[in-house]
Amino acid sequence: MAHEDGLLRELTTLRRGWGLEAERLRDRLGPIVAGWCEIHRTANDREARRVLRDAISAAIAEFPADDRLAVNVALGIAPGSQHALLSDRVGVLADQLRVSERTARRRIDRSFARLAAEIEAAGRPGGEVPDPDQGWFVKRLRAIVRLDTPGPELIEERLIVATRDGLSRIAAQFTVPRLEDGHDGERDVAADAQHGVRITDAKRVGQRHFRWLLDLPRPLSRGDTHTYALVIRIRDGLPIRPSYTFVPLVTCESFTVRVRFDPRRLPWRVWRVDRVPPSVLADPPQPGAPLPLDGACEVAQEFTAPQLGYAYGLRWLT
């Protein structure tokens, strides 16, 4: 019931102002509504608006006609209901139903309570084994690459958001890129849980690919957030490609990377990699605008809403 109350609050907030016609719609969404229709997979407000309309239309398809109308008018979906204030849309509904505005508002409240209950009932988990690659997305990823340690070390901290109830296990993976000379020998990589998860299974998938299953400290409900961090170390002593890139396989809203160089082996050029097909990374480097190192021999870059399947990060020449 607590989750359903939270969902109803988010839906009620959504109908304020311009409703679904509001600017910066994605920023107005609460985590439960966003997770319900997987808004994190949308590229912009226009796409988010379409996804929300489709999801709501499907959820209210079996409602009585007056209740469907109440939801669509309150959210500014119905023709003629695109007004800047909810009170104006209440008046539109009152005229169409030929009732008082007080009765129209009660109809809206009742319809939204039913909508929340419908979404909650549809979202209850079944008996299948959950896929650890689904049911969550990354709100923020912070990566620190340390090249001033005996071997390359990567610290990845993720803030995740559950998009289903009972999320208790997720997956993480890492690939050591091929060297630019094409060498593809077997690599030795280990991961440690710095905080927030327990590694329950580690698998090598090929010579350079690694995958871990991570158990969360407690099951998450839809909309819950959780932060965890892994430390990944390359232990074989072999060279690495002079780059660090992140290719989102699960949606990520924000990505920050920081590379800390060894002051005895500074690069002569560092540049940003932004929305590059991963296959291009194996081509000879084409340096972009140079990025300066700070006094700690570090370079940092931030990326907003990196798209699935593209590479983002930093590359350098030594």
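Values in this document were obtained by computation on a predicted structure and should not be read as measured data.

Asker: Which parts of the structure should I look at to understand the sheet that holds strand E12 (residues 311-317)?
Answerer: By way of backbone hydrogen bonds, the strands of a sheet pair with one another, either parallel or antiparallel. The strand order E8-E12-E10 describes an open sheet built from three strands, whose pairing is antiparallel. Of all strands in the sheet, those bounded by a partner on one side alone are strand E8 (243-246) and strand E10 (269-276). Each neighbouring strand pair of the sheet contributes to a mean axis angle of 15°, computed without reference to strand direction.

Asker: Explain the pattern of salt bridges here, please?
Answerer: A side chain with one charge can pair with a side chain of the opposite charge if their charged atoms come near. All told, the structure shown has 27 salt bridges when counted by the stated rule. Two residues, Arg50 and Asp54, come together in a salt bridge whose shortest N-O distance is 3.0 Å. Here Arg50 and its partner Asp54 are both found in helix H4 (residues 45-59), four residues apart, which amounts to about one turn of the helix. Judged by relative accessible area, which is 44%, Asp54 ranks as partly exposed. With a shortest N-O distance of 3.1 Å, Glu253 and Lys139 are connected by a salt bridge. Of this pair, Glu253 sits in the loop between E8 and strand E9 (254-260) while Lys139 sits in strand E1 (residues 136-146), and the two are 114 residues apart along the sequence. Judged by relative accessible area, Lys139 falls into the partly exposed class, the value being 37%. Through salt bridges with shared partners, a single network forms among Asp66, Asp67, Arg107, Arg110 and Arg114.

What counts and what doesn't
Each chain has its residues counted from 1, following the order in which its sequence is written. Totals for whole chains, interfaces and linings use all residues, but because this is a predicted model, local features are given only for residues with pLDDT of at least 70 and pairs of side-chain atoms are given and counted only at 80 or more. Only hydrogens and water are removed before side-chain values are computed, so all heavy atoms of the structure are retained for them. A pair of strands is treated as paired once DSSP finds two or more bridges between them. Numbered from the N terminus, helices here are DSSP runs of H or I no shorter than four residues, and strands are runs of E no shorter than two. Axes here mean lines fitted to C-alpha atoms, for a helix over just the part in contact, with angles spanning 0 to 180 degrees between N-to-C directions. Salt bridges are defined as contacts in which a side-chain nitrogen from Lys or Arg sits within 4 Å of a carboxyl oxygen from Asp or Glu. Exposure is judged per residue with a 1.4 Å probe applied to protein chains only, and the accessible area is read against the type maximum: over 50% gives exposed, under 20% gives buried, and values in between give partly exposed.

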